[in-house]
Amino acid sequence: MRLVAPLRDFGRDDLAQAGGKAANLGELVRNGFPVPDGFVITTGAYELVADGHDTREHFERVPMPGELREAVLAAYAALGGGPVAVRSSATAEDLPGAAFAGQQDTYLNVVGEEALVDAVRRCWGSLWAERAVAYRRRLGIDPGEVRIAVVVQSMVEAETAGVLFTADPVTGDRARIVVDASGGLGEAVVSGLVTPDHYVLDAAGEVTAYTPGRREVVIRGAAGGGVTRESGTDTPGERLPAEALRELARLAGRVAAHFGRPQDIEWAYAGGRVSLLQARPMTALPPPPLGRLNPVRRRLGMVLLEYLPVRPYPIDMSTWVPYGPAGLMAKVTGGFGVKGAFEDFLVEEDGVVYRLVPPQPRPSIRVLAAPLRILRLARRHDPARWTDDPRFRAFVAAIEELESRDLAALPWPELVRVPRQALDLAQPVADLRIDYLPGSGLALLRLLGSLKLLGRGKEFGALIAGARTRTSDANQALELLAEEARLTGALDADPPPAAFAAGLRAFLAEYGHRETASPLLVTPPTWADAPETVLGLIRVLAAKPPSPAAPDDALGRLLAHPRLRSAARRARMTRRVQAARAGVAFREDSHFFFTEPLPVLRRSLVEIGRRLRDVGLLQEPEDVFHLRLEELEGIGDAEMMAEPDRERLRAAVLRRAAKRDELAGVRLIDPAAIHSVRPMGDALVAGTPASAGTATGPVKVIRDPAGFGGLAEGDVLVCPYTNPSWTPLFQRAAAVVVDTGGSASHAAIVAREYGIPAVMGTGEGTSVLSDGQLVTVDGGTGLVSAAS
């Protein structure tokens, strides 16, 4: 292995020898970019000196071996022997998902042989600086696998220097180039010591926006080596020449195109020439703006965003996303001649979901036959009797058989087949939905039309709210458990009373497959996986005795209409109401049963992860979520895997985990792209009116099911999303404010059933409102205001 070699000898495939920074710079040199000449002291040299030691003190104490020292000094002499920049280049830095910005050391304006050797040793030692170790630990990078090279380059005595981004780091717009610049060396900009001049350029380098900086500090090279920090003028300096900005834009486009992704570039300008000092992938970059969406795409975007409160993992993308409810709806809509309604809406980058793009449904020739098919299916399949269908009974029996298996006892070949078997079980429900949804939809339309003819269209919501569903059954069961807990103190007893414990077990056996976060994903725990979620709901409900159930008098009021005086008309209208309620129940209950494979699917994946952890491939069982199902199915025997295969999967997990961590603060989609901008006036938050009425109370922000127990009677529930798991909270909340969703969302429907105000699709409620803040929610106007 070479110990020292020219920078031009390396490229993007030489990461193991040159580290990320030097490999990227060498790639630029090879392709004709203006990069200062230099050489690389490879990771082999580091290993020679490290000799198994991994402390900073070791490298500061141990001298550089003679042969290596001679090679370094010879390369330095060939470079001209003048001032150089000495930069660390670790094997895990400047990579997608792991920039390592500032984690290892850089030394500027190094002059002389002894100063160079000392700077190289300090760079080696910085691999074990406390900040670098902590950063790697957070990313899950094995300390035994990281190495460091050092890149030495001729120093550029910059008149102006800084950083440019080949895409807008705030909006994600790939058509904008953002340049930060200041006088002297770029270290002042990189380290945040100065307020830089800020330029926004188009692709041609024309300035579209400019904000002058203040130049509080200017860093320059000192005559004998090192740098000086001079107090700046604290006033704007001269702007970069137009030709320099155009050259920066030209280089930005070329670099981004060469690496195939937006880049974070350090640059210097001296003597009328631009030099590139570093290039690495931009991290935490938002998805590019979607532009103006049509109403259909906006509507689908609202639905999908509400169902995706968390970023899907690779295992989600290869299991429940294509085969779960989204895949089911794609099959249903496709069955009626509409393609692309629920397909390809998640975009992956580096193996991790990066953005949500609302799909564009496309009608096919089959859509012309859809009306006749809908009528035919509606006549043949009654939603009130769908559970009598032999296909449903076979589905339930198959689920019970699969759940009865002892996953821990299965041999590997049988265990790795279980996820696919669980997915296959869910598919018949799509056929049931295709057959029974037409009858549900027509029943609802028939009732709505009848009500409008009677002038009672506003009663529609109240009439269908009386449908009994598995969700309402679950809510009632929770109320019973809450009353038991309130009367016996079960929640504070250890162990809890036997009757309460038995009731909780029965509840989880019946309803434990319900999702906590999203029906589209397998990775979030179900109620059975996270019983603390259920206990949190019980605690909220047990805070006070249950309120008496409001009488279902909507039907009675309707039947008292003057035009329904005859017994025959009242009977007909009653049947229409019952059919509509059966349609609502089918929509809700078919989803309830469709998610029954979730627990066994998730348990089988975690069991696979446990076994891969036991053979040293994963650190934790849940790390299996970073792999795809086909990758797991390709493992013939977990204990007999060849080392190259083990290393390939281990590297994929670490790489995807780092990318996911990088994107932790990046939204899948800008809510403003799908939610209309509403006039706010003096309001704090505005959204879609979803359930009329006003209510005043203190804000309680609950971001996920773990916080259910924190809601108090009369609080205004503010949350990022909702699903059926959240609805018991509506029995105690004064009002509901949700970042996502619309007036047809589950939360909006349930809020109307409980008669509490609801505002959906605010996009920012959880970030603008804070716990304890007294607000008034107007569900009729969609406004949330400070209470007077």
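Everything here concerns the structure above.
All of the points below concern the structure found in this document. A quick note: this is a predicted structure, and the numbers were derived from the prediction, not measured. (Residues numbered from 1 in each chain as written. Predicted model: local features only at pLDDT ≥ 70, side-chain atom pairs only at ≥ 80, totals over all residues. Heavy atoms only, no water.)

## As for the overall build of the protein chain
Working step 1: Counting secondary structure elements, the protein chain contains 27 helices and 25 strands.
Working step 2: Seen along its three principal axes, the alpha-carbon backbone of the protein chain occupies a region of about 105 × 65 × 60 Å.
Working step 3: Burial statistics for the protein chain: of 788 residues in total, 52% are counted as buried.
Working step 4: Of all intrachain contacts in the protein chain linking residues separated by at least 6 positions in sequence, the fraction that spans at least 24 positions is 68%.
Working step 5: Accessible surface, the protein chain as shown: approximately 33,400 Å² in total, 53% of it carbon and sulfur.
Working step 6: In the protein chain, 90 positive and 97 negative side-chain charges are present, and the distance between their average locations comes to 10 Å. (Helix = DSSP H or I, 4+ residues; strand = E, 2+ residues; numbered from the N terminus. Buried < 20%, exposed > 50% of the residue type's maximum accessible area, 1.4 Å probe, protein only. Contact = heavy atoms within 4.5 Å. Areas by Shrake-Rupley, 256 points an atom, 1.4 Å probe, with all protein chains shown as cover. Lys, Arg positive; Asp, Glu negative; His and termini not counted. Charge placed at Lys NZ, Arg CZ, Asp CG, Glu CD.)

## A word on the nonpolar core
Working step 1: Membership of the largest hydrophobic core comes to 91 residues, with the highest contact counts inside it found for Phe-507, Ile-538, Leu-612, Leu-632, Leu-729 and Phe-730.
Working step 2: The dominant element in this core, judged by the number of residues it contributes, is helix H16 (residues 418–453), at 10 residues.
Working step 3: Non-local contacts of Phe-730, meaning those with residues more than four positions away in its chain, are made with Leu-717, Thr-722, Val-736, Ala-747, Val-750, Ala-751, Tyr-754 and Ile-756.
Working step 4: With 34 residues, the next largest nonpolar core counts Ala-22, Ala-23, Leu-28 and Leu-240 among its residues. (Core = buried A, V, L, I, M, F, W, Y, C linked by side-chain atoms within 4.5 Å.)

## Regarding unusual backbone geometry
Working step 1: For the bond running from Asp-494 to Pro-495, omega is 5°, close enough to zero to count as cis.
Working step 2: Although it is not a glycine, Ala-284 sits at a positive phi angle of roughly 55°.
Working step 3: Residue placement: Ala-284 occurs in the loop between strand E13 (273–281) and helix H9 (295–307).
Working step 4: If you check the backbone angles, Asp-350 has positive phi at about 55° while not being a glycine.
Working step 5: Looking at the secondary structure, you find Asp-350 in the loop between strand E15 (346–349) and strand E16 (352–356).
Working step 6: Given the relative accessible area of 29%, Asp-350 is considered partly exposed.

## Focus: the pattern of salt bridges
Working step 1: Applying the stated criterion across every chain yields a total of 48 salt bridges.
Working step 2: Across the pair Asp-168 and Arg-176 runs a salt bridge whose closest N-O atoms are separated by 3.1 Å.
Working step 3: Take Asp-168: its relative accessible area is 7%, and that puts it in the buried class.
Working step 4: Judged by relative accessible area, Arg-176 falls into the partly exposed class, the value being 28%.
Working step 5: Note that Arg-420 and Glu-633 form a salt bridge whose closest N and O atoms lie 2.9 Å from each other. Pair noted here: Arg-420 is in helix H16 and Glu-633 is in helix H24 (residues 629–633), with a separation of 213 residues, a long-range link.
Working step 6: Classification of Arg-420 by relative accessible area gives partly exposed; the value is 24%.
Working step 7: By relative accessible area, Glu-633 is classed as partly exposed at 32%.
Working step 8: One continuous salt-bridge network, built from bridges that share partners, spans Arg-261, Glu-349, Asp-350, Lys-659 and Glu-662. (Salt bridge = Lys/Arg side-chain N within 4 Å of Asp/Glu carboxyl O.)

## Some remarks on helix H12 (residues 325–335)
Working step 1: By the criterion of burial, H12 is predominantly enclosed, with 8 of the 11 residues buried.
Working step 2: Of the residues making up H12, those classed as buried are Pro-325, Ala-326, Gly-327, Leu-328, Ala-330, Val-332, Thr-333 and Gly-335.
Working step 3: Of the surrounding secondary structure, the elements contacted by the buried residues of H12 are helix H11 (320–323), strand E14 (338–339), helix H13 (370–380), H16 and helix H22 (567–594).
Working step 4: A positive backbone phi angle near 95° is found at Gly-337, which sits one or two residues after H12.

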